[in-house]
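Descriptive structure summary
Below, each chain spelled out in residue letters.
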Amino acid sequence: MAYRGNTGAHWELLAELLVSADESEGQRLLREQLPLLDPSALAHLVMWLKREADRRWHDEPQLSLRLAAYLLLIGEWTGRCDYCGLGLLTRAEALRRLERDEEALRDFDAAGAAFLACDDYLGWARTRSGRIAVCLQLGRFQEALQDAAAARAIFLQQGNWLRVGQMDANAAIVHYELGHYDQALSLFERAIEAYRRHGEGIELPLARAWANKAVTLAALGRLREALALHERARAIFASYRGQELAVARQELNMAQIYAAQGHFSRALALFERSRTTFQRHALALAAAEVACETCYCLLRLNRAREAAELAEEAAAFFRTVPGGRGCHHLALALMWQAQAALAMKELRRAETLLAEARTLLETSGLEVPAASLALLQAELLFASGQLEESLAAVRLAATAFSRQAALPQLARALLLQAQIAMSRGDEALADSLCAQALKMAQEQGLLELVYRCEDLRGQLAEGRGELEEAARAYARAVQGIEEIQARLVFDARSSFLEDKRTLYERAVRLALLRGDGAQALGYVEQAKSRVLGDYLRNTVEIRVHVERAGQPEVEALLEELARLREEQAWFSSLVYGTERAVELSDTAIRRLPALDPACARQEMRQRERQIERLLERLGLPAIGSTYPSRAAKKVEEGWLERLADLQGSLEPRTVVLEYFLAGEDLYVFSLAAGHLRWRRLRGAVPELERLYALWRLNLDLAGQAAAPAGQAILDLAALQENCLGLLQRLYHLLLDPVLPVLYSCEHLLVVPYGLLHYLPFHCLFDGVQFLVERVAVSYLPSLGLLEVCRRRGRRRRTTRQALRQALVLGLSDRGRLPWAVSEAQAVARLLGAPCYLDAEATSTRLLEEGPLAPLLHIAAHGLFRLDAPNFSFIQLADRQLSTIEVFNLDLASCSLVTLSACETGRVALGGVDEVMGLGRGFLYAGAASLLPTLWKVDDASSAELMTLFYEGLLAGRSKVMALAEAQRAFLARTRSSAHACYAHPYFWAAYQLIGDPGPLLQ
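Definitions and limits used
Residues numbered from 1 in each chain as written. Predicted model: local features only at pLDDT ≥ 70, side-chain atom pairs only at ≥ 80, totals over all residues. Heavy atoms only, no water. Salt bridge = Lys/Arg side-chain N within 4 Å of Asp/Glu carboxyl O. Helix = DSSP H or I, 4+ residues; strand = E, 2+ residues; numbered from the N terminus. Buried < 20%, exposed > 50% of the residue type's maximum accessible area, 1.4 Å probe, protein only. Pairing = 2+ DSSP bridges. Contact = heavy atoms within 4.5 Å. Axes fitted to C-alpha atoms, helices over the stretch in contact; angles between N-to-C directions. Arc of directions from axis to C-beta. Polar contact = N/O pair within 3.5 Å; in protein donor to acceptor, adjacent residues only side chain to side chain. UniProt positions renumbered as here; feature names shortened; annotations may be inferred.

Overview of the pattern of salt bridges
All chains considered together, the criterion is met by 54 salt bridges. Note that E448 and R300 form a salt bridge whose closest N and O atoms lie 3.3 Å from each other. Residue E448 is located in helix α23 (residues 447-463), and its partner R300 is located in helix α15 (residues 284-300); the two are separated by 148 residues in the primary sequence. Residue E448 shares its accessibility class with R300, and that shared class is buried. Taking the shortest distance from any N to any O, the salt bridge between D665 and R680 comes out at 2.6 Å. Within this pair, whereas D665 is found in strand β2 (residues 665-672), its partner R680 is found in strand β3 (residues 675-681), the two being separated by 15 residues in sequence. A residue is classified by how much of its surface remains accessible, and R680, at 33% relative accessible area, is partly exposed. Residues participating in the shared-partner salt-bridge network are D109, R128, R131, R140, E143 and D147.

Some words on the sheet that holds strand β9 (residues 862-863)
The strand order across the open sheet formed by three strands is β9-β10-β11, and the pairing between neighbours is antiparallel. At either margin of the open sheet sits one strand with a lone partner, and together these are β9 and β11 (880-882). Sheet topology note: the strand β10 (residues 873-875)/β11 ladder contains three bridges and is antiparallel. Paired with Q875 across the two strands is Q880, which belongs to β11. Where helix α29 (residues 552-576) meets the sheet, its contacts fall on β9, β10 and β11, and the angle it forms with β11 comes to roughly 110°.

A short note on unusual backbone geometry
One non-glycine residue with positive phi stands out, namely D119, at about 55°. For D119, the position within the fold is in the loop between α6 (101-117) and α7 (121-138). Residue D119 is classed as exposed on the basis of its relative accessible area, which comes to 56%. Positive phi values are uncommon outside glycine, yet D838 reaches one of about 45°. Given a relative accessible area of 31%, D838 falls into the partly exposed group.

A closer look at helix α2 (residues 23-33)
When we look at burial in α2, the residues that qualify are G26, Q27, L29, L30 and Q33. Buried residues in α2, looked at end-on, bunch into an arc of 160°, giving them a common side.

As for the environment of T127
By the element assignment, T127 lies in helix α7. Residue class for T127 comes out buried when judged on its relative accessible area of 0%. For the pair T127 and F115, spaced twelve residues apart in the sequence, the C-alpha separation amounts to 9.2 Å. Leave out the neighbours within four places in its chain, and T127 touches L89, F108, A111, G112 and F115. From its side chain, T127 meets the backbone oxygen of W124 in a polar contact 2.5 Å long. A polar atom in the side chain of T127 sits 2.9 Å from the side chain of R128.

Observations concerning the environment of L730
Relative to the helices and strands, L730 resides in helix α35 (residues 716-734). Its relative accessible area of 0% is what places L730 among the buried residues. C-alpha of L730 to C-alpha of L688: the two residues are 42 residues apart in sequence and 7.2 Å apart in space. Here L730 is in contact with L688, L691, W695, L735, L759 and L764, once residues within four sequence places are set aside.

Thoughts on the side chain of T798
Here T798 is to be found in the loop between α37 (786-795) and β6 (807-810). Beyond its immediate sequence surroundings of up to four residues, T798 is in contact with L803, P854, L1000, L1001 and Q1002.

Observations concerning the pairing of strand β1 (residues 654-662)
The buried fraction of β1 amounts to nine of the nine residues, a majority that puts the element mostly inside the structure. One ladder, built from five bridges, connects β1 with strand β4 (residues 747-751); its direction is parallel. Pairing of V656 across the sheet is with L749, part of β4. Sheet topology places β1 next to β2; seven bridges connect them, and they run antiparallel. Of the residues in β2, the one forming a bridge with Y659 is V668. In textbook terms, the turn of a hairpin is the stretch between consecutive antiparallel strands, and for β1 and β2 this stretch comprises two residues, one of which, G663, has a positive phi near 65°.

Things to note about the UniProt feature "coiled-coil region" (unreviewed entry) in the protein
When the UniProt feature table is mapped onto this chain, "coiled-coil region" (unreviewed entry) is found at residues 453-487. The distance from the first to the last C-alpha atom of residues 453-487 is 20 Å, and the span holds 86% helix and 0% strand.

Printed below as a string of structure tokens:
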């Protein structure tokens, strides 16, 4: 380049070339052109390079470094110390953004010295802002405060209120890190006033001050004020280009507040979003900090293993970060690891982690983190039963929290002191401490702490014999759990409940002690199948809708979800041997590494966890909208009124039995003829568990004996005799206590609990006959779902003519299930509906024809995943149809779904008693009732039973009666045949009717 024209245009052209050139080329150009620039043009070039470097700090720090090198070259060539100072300052800021703090500190010091060399005290003061930030990260707090005070005095003398405000804000941040929250708040307010005195162009500095003031307010427990300020700051940042990182930081801060308030799903989504932004900008340290913050939500949701992995990953990164910054954050990561270990009852590991964290924090001077560690140590000691040591540790923590007015942490410390006092028998002190903790928690909206305080108050009142007060406290505690649940999405609701079982058990026992059976049953219902219930009542939405498509963030999430589903299906096919049934796109195949089968399961589970987290994010409304769940908005009738309605709406000769297990005791509630009765069977649970284990063993052996290769080895007749003995003892245990209400019963509706979800009550044996030979039996996961399912059933009663639109799918699984095809053909003939076999039985057909089908019958291979029930599946011709994908089906016209496939009725239990499996997916998709199987069914007997069942339905029988009559007919034929041993329940009892028991036809 050789240019000797207008020097103004010359420096502008040179500036453009310098930005686009690499560093060596840029330096060559600069050396060549510097002699051609007059002083004015050179000054313009220097200022332009500085401004451009500042503008690129956040998004392109490497470019800022390159521009800083040009400034240093200009300073060296001209011999001007002020230009050298600008170059050093620019490089220091870029290094700071790249988290290279030690190097940045040296350059800040060198820049300050360069400005002082030319008596530019204002230039020196400008270097202090970045230096303070680096000192903060390196734990050099006193240096930071000295810099802030000296620089502020210079700016104040110059009347530069913008810079005065910046120094006040910097000093406030240092005091915040030291735990001096009141001083920090005062300084932030002084900074805001300085910005306002400056006048124009203060929106961004003001937004930063609001954001930092909000962080301090949150530390003081003033969460509502803090959230409002963060939202205000976020809105300003979002309105400016190039402020993506500032927006991410506001969302991180908002997530912390949402987490403290019990909005765990919303918090997790914001944590993930901010972490993704930091990773995209190569800010590894900031991303690791967010990972640690996320652990709080995961632990509150009882996802301790996930929290442990995240904290361990963050700790490994912090070990690579030099200086004080790495030590401070490593200590915090170790504390999160310790909390996760404590949650998993790994007490020794927790102690080891805390010891290392304590060593790192001893010399930091950070009071609040040190106090948090002391509180965590106290919780560990309490869990170990070391009450005196725990009390000493928690008192130290409480003193520090009180001194710094850290109210949320102080409330937690007070609650632990109350628990210790209760354990030591000092109930008066426990009550006083608990009341203080509760008051603080209520004032700050800390819902998770509120319900824990109310639970403890209930225990204290019950211990004093004040049963009415205890009942009110337990009711408030349960209501607190309900409020938190209303803020959660997808299966976060059930995982949150996993450690709440004892509260519900206490509430149930106390209600029965007070003679209030209706209230006790209400608590049982509140604990059972809440997620499924809210799905069916449409108070929670979990479908992935396209209405929000078009929003860039949602589009990206949907694209990621599609990719993960595709890859999960492929790995699942490797694990479960269905490779040929899954087809991947060429891009997906290229994306996947070559794996040996041993790694396929690990890769599959990784994708499954990612899918579940994505669905949580997609289940939330857009940021900025109000969040209250529809469940929280919906005004429902009280439980007693709903129970009365249920009693009045039961069909004649219908009896409801609902079970509840608490410790070693079994409770059974019976609802019949308008009367509610209950029985407590003390010590019955161990016997129930023993008998059930023996019954399952017998069932498994019967399955082996039924196989052609097994008949010579195992004696079905002997197994049947043993089976009948076990089922008779289970009958006496579970039904004898309520026999009087069963004498005139024709339809028994069972609402199981715990392992009873796995037991087919209809094959219990009274010594003469199976229960189903006397009464028809149907099931519900929760009594509260009865009216929802019955209403669906009434609306969807159909005609013989309409049944031609039924959807019947049959797959032989490459010849391994020949009876599945025969069964599907027989059912289709009876219904007069088309039958889609093997290659035609696709998920695409189900998606397209399901919305109009009054009945859906699938005869295929199915697999229940105990490790991941949301990914249990039915194998269709084109893919595995998992539970998560079933949620997105539209079965709004469907009265009955029959899943004549292996184990489609099996469930895993989450939460307190949340059933998780394929069944809930079909009920959520709209089906009124479901006929799944509890175990791997025998193909031949299944085909016969289905024929008998559908003949009964088409004759106008109710669903429950059609199933009972089919099972009775099968038993009668089998007993009169040469294969009487096929009366073993293995061959006929796998099917159970869930949901609406009414007729199919109008």
